[in-house]
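In case you want the letters, here they are:
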Amino acid sequence: MQIEFKLNGQNTAVSVEGSTPLLWVIRDTLGLTGTKYGCGMAQCGCCTVHFNGVATKSCVLPISEVQGKEVTTIEGLSNEEKLHPVQDAWIEKDVAQCGYCQAGQIMSASHLIDTNPSPSDEEIEQAMMGNICRCGTYNRIKEAINYAVEIKKNQK
Amino acid sequence: MKINRRKFIKFTGAAGGGLVLGFNWTQAIAEPKPGSKLEVSINAYIKYSTDGAITILSPNPEIGQGIKTSMPMIVAEELDVDWNKVSIEQAPLDTNNYTRQVAGGSGSIRSGWNALREAGATVRQLFIESAADVWQVEPDSCETNVGSVLHRASGKTVKYEELIDVAIARKLPEKINLKEKQDYSLLGSRIKNCDARAIATGQMKYGIDTVRAGMKYAAIIHPPSFGATLKSYDSSELQKLFPSVTVYDFDNNIAIVGSSTWEVFSAKKAIKITWESNNNENSDKLKEEMVRQLDSNKLTKLVNKGNTAKAFSAADQILEAEYYSPILPHATMEPMNFFAHVTDEKIELYGPIQTPENTRRAVAKKLQVSESKITIGLTRMGGGFGRRLKGDFVIEAVMISKLSGFPINLVWTREDDMTAGVYKPSTLHRYKASVKNGELTGWEVTGIGLVGKRVLDKINFPVGAISNIQLRTGNVKSKVTIGPWRAPNHNFLAFSEQTFLDEIATNLDKDPIEMRLQMLSDVKWSKYDVKRLQTVILKVREMSEWENRGDRHLGFAAYYSYHSYVAMVAEVSVTDGKITVEDYFAAVDCGQVINLSGAEAQIEGAINDALGHSLFGEMLINNGAATANNFHQYQLGRINTAPKNITISFIESEYEPTGLGEPGMPPTPPALVNAIYQATGKRYYELPLKNHGII
């Protein structure tokens, strides 16, 4: 079926089977590989994108439900000139080890601080619970989110 | 020091100009013996461009342990340049282009540490000699200062890049000077992962992201249980639903080739397959067999010093305990995948593999072709932990490309990854210790591994610390595919040993740290460095304020592995019978720290990784098959299981750098379990801890 939606601010049209998960449309059909496959059942968070502004696991979201909606992937979170505060914080705090899960982590974290200007430790844990990192970068993830909150405050 | 020039190759006429020095990343070759032949594989280079940009090409695959950043730091330190001008490239495995025969050499190999230092220092010395030649002064009267050569007497300076033409025309230096530790400016500092920005912006490419012109996607169906064989299959339904996909079978696998990942993943479900399996292994039976092995006469004696029987018969007290750790899958976040393009002329491979050379050999053998036809390009890896040492999925990709005739990217589903993987063997350890007059006098350990016997260590503490000691190993047969898993052998040996020692300390009414220090002070002979082990223990005692712990529940462990020394203290709290991990303290001696940020990350990561597995990790086997197939059934640590704080201290060390990816793993679980004892009065002998109702 023909699906039209907004991807990273651009009007996008694809013709695919309606049951195809958004993840595979983004990756295989549209060639944006920053969003990763990890489990295919919304358990690990590698595939997290913003769907109508909300952090969402794209591996179980059928493309038919994306009709007319807005999707932001890691590639569209910011532009080259100015990164999202969470991306700056991730680089500054040197969070990534293997890095594979980090796009998903960043999409969850950016949604958190975009909607909650000063999250508590509990709120951070709650927001990041759906993202697994086997390298174990969790302590730096927390540190980076707190740092991103500071960056964002100073930008205002 | 004198340097063997023949271990380097100076390339001239490089694209874009500049000086290029080729060398071998891991091998430094001893001085040649006259007349002998030696082959040097040039697999790395330093390129110094005329605009001052420096490129370091490394052959090492990056799996997240930071070597793509840390190893070039060693080169840059000796080269004496501004790190901001250094960029790092990863090269494909293509040794054919750069292998050359040289005369001489005994082929003895030192560590990569020396090879990298010498390569950097050789280029620095070449620039010094070039400048000295231009200025008509003695090289010894010159020094370098961040990318420039300085003549001390006259104060004249010249940038390296201005010396490139002179340097290209010169012979390589015969003598180099390696920096002294006190002169390091880069090593030991905090440097960010060189791919940090690419990762944070989604630009970093992993193997799973590979797309090539004309490429197809491939999925695979493995036997549903270990050792099962393919009897027959019916793909008629699949062909109706997915008319454009093609199906192949080989080596008891079925492959599906199509135009997108989702298409081939979906098509897998539409095929009817008949398998034959006589495998009825299950976890309980395997464990029972391991228990039986403990008392069998098929054990191998690894260590037998003194006379344990005598020590036991003379003992005031004998302590015994048995410890079990389960089978674990690797669960790398990036599932197995590989790109392959097989044609009659050549085989192009691209993807995440930790062992490109062995894999190339295996592919050549499988297809009966010359290795020279095969190139392997390496991608950054979405985790390894030992899984990507084995190239089974590369062979699969090669077979699928050969059978289909297409360039293909084979992608495993998470379910494939979890159920057709390579696993940490389950282990069973029985300990028996004798006490006489308040001292440990005898120590016996029997370690049983699933398939593998590598469940003990014959040189590690407490070998050397107890006069009567006997270590024996055995194994139980199984069809489960067993292999290395982060900190092989040591990973859960430390759990049993370090918790048993803690129990002994309690029994003797001794402080566990005090008891350990005392045992170490009595060591007469060892292959581990007693002083270094004592130092990390003293350090962690101080860091954790062990002696002023008040009502904090602390657990201690100290362990030597991969030539590094790590002591840890864990702090836990209990609420309504459930455990919360509060703090971890780690004191580490890994020799010279290369990248402090990366080094800390390895220890933090190992603590979180080991914690998650101690709490939840368990792959049960039933009817010969892995029972958990995705993260809803197999739990890893998440952000809420991370300790609230991790405090790490590296010992200032004169020693050469040693491993860090693994040594943080072994002491983490026992420090936790010992802390839990302090908090609850209960000792746990089996992992994972979720089975004890305290999580």
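Everything quoted here is computed from the prediction, not taken from an experiment. (Residues numbered from 1 in each chain as written. Chains lettered and ligands numbered in written order. Predicted model: local features only at pLDDT ≥ 70, side-chain atom pairs only at ≥ 80, totals over all residues.)

1. Quick word on the overall build of chain B
Working step 1: If you tally the helices and strands in chain B, you get 16 helices and 32 strands.
Working step 2: Relative to the globule expectation of 26 Å for 695 residues, the C-alpha radius of gyration of chain B, 28 Å, shows essentially globular dimensions.
Working step 3: Taken along the three principal axes of its C-alpha coordinates, chain B extends 80 × 75 × 50 Å.
Working step 4: A buried classification covers 52% of the 695 residues belonging to chain B.
Working step 5: Put simply, 78% of the contacts in chain B that link residues at least 6 apart link residues at least 24 apart. (Helix = DSSP H or I, 4+ residues; strand = E, 2+ residues; numbered from the N terminus. Rg over C-alpha atoms; globule rule 2.2 N^0.38 Å. Buried ≥ 20, exposed ≤ 12 C-beta atoms within 10 Å, placed from the backbone. Contact = placed C-beta atoms within 7 Å.)

2. Regarding the interface of chain B and chain A
How big an interface is tends to be expressed through the accessible area that disappears when the partners come together.
Working step 1: Counting residues at the interface gives 49 residues for chain B and 43 residues for chain A.
Working step 2: Mapped onto the side of chain B that touches chain A, the elements with two or more residues apiece are helix H4 (196-200), helix H6 (261-268) and helix H15 (596-616) of chain B.
Working step 3: The greatest single-element share of the side of chain B that touches chain A, amounting to eight residues, is contributed by H15 of chain B.

3. Examining the sheet that holds strand S13 (residues 246-250) of chain B
Residues and elements named next belong to chain B.
Working step 1: Strand order in the open sheet made by the seven strands is S13-S14-S11-S22-S19-S20-S21, with mixed pairing throughout. Every other strand in the sheet has two partners, leaving S13 and strand S21 (374-378) as the edge strands with one partner each. Neighbour to neighbour, the strand axes of the sheet diverge by 25 degrees on average, direction disregarded.
Working step 2: Pairing geometry for strand S19 (residues 337-342) and strand S20 (residues 347-351), over four bridges, is antiparallel. Bridge pairing in S20 links Ala-340 to Leu-349.
Working step 3: Across the sheet, helix H9 (residues 356-367) is in contact with S20 and S21; its angle to S21 comes to roughly 145 degrees.
Working step 4: Contacting strand S11 (216-221), S13, strand S14 (253-258), S19, S20 and strand S22 (408-411), helix H10 (residues 392-404) crosses the sheet at an angle of about 40 degrees to S19. (Pairing = 2+ DSSP bridges. Axes fitted to C-alpha atoms, helices over the stretch in contact; angles between N-to-C directions.)

4. Some points on the sheet that holds strand S10 (residues 157-159) of chain B
Residues and elements named next belong to chain B.
Working step 1: Ordered in space as S8-S9-S10, the three strands form an open sheet in which the pairing is antiparallel. Here the strands that pair on one side only, and so sit at the sheet edges, are strand S8 (142-145) and S10. Pairwise comparison of adjacent strand axes, ignoring direction, gives a mean angle of 25 degrees for this sheet.
Working step 2: In this structure, strand S9 (residues 148-151) lies alongside S10, joined through three bridges in antiparallel fashion. Across the sheet, residue Leu-150 finds its bridge partner in S10, namely Thr-157.
Working step 3: Relative to S8, helix H2 (residues 112-135) is tilted by about 125 degrees, and along the sheet it contacts S8, S9 and S10.

5. Notes on helix H4 (residues 121-128) of chain A
Residues and elements named next belong to chain A.
Working step 1: Looking only at H4, the buried set comprises Ile-124, Ala-127 and Met-128. Down the axis of H4, the buried side of the element spans an arc of 90 degrees, and every buried residue falls inside it.
Working step 2: Against the buried residues of H4 lie helix H3 (102-115) and helix H5 (138-155). (Arc of directions from axis to C-beta.)

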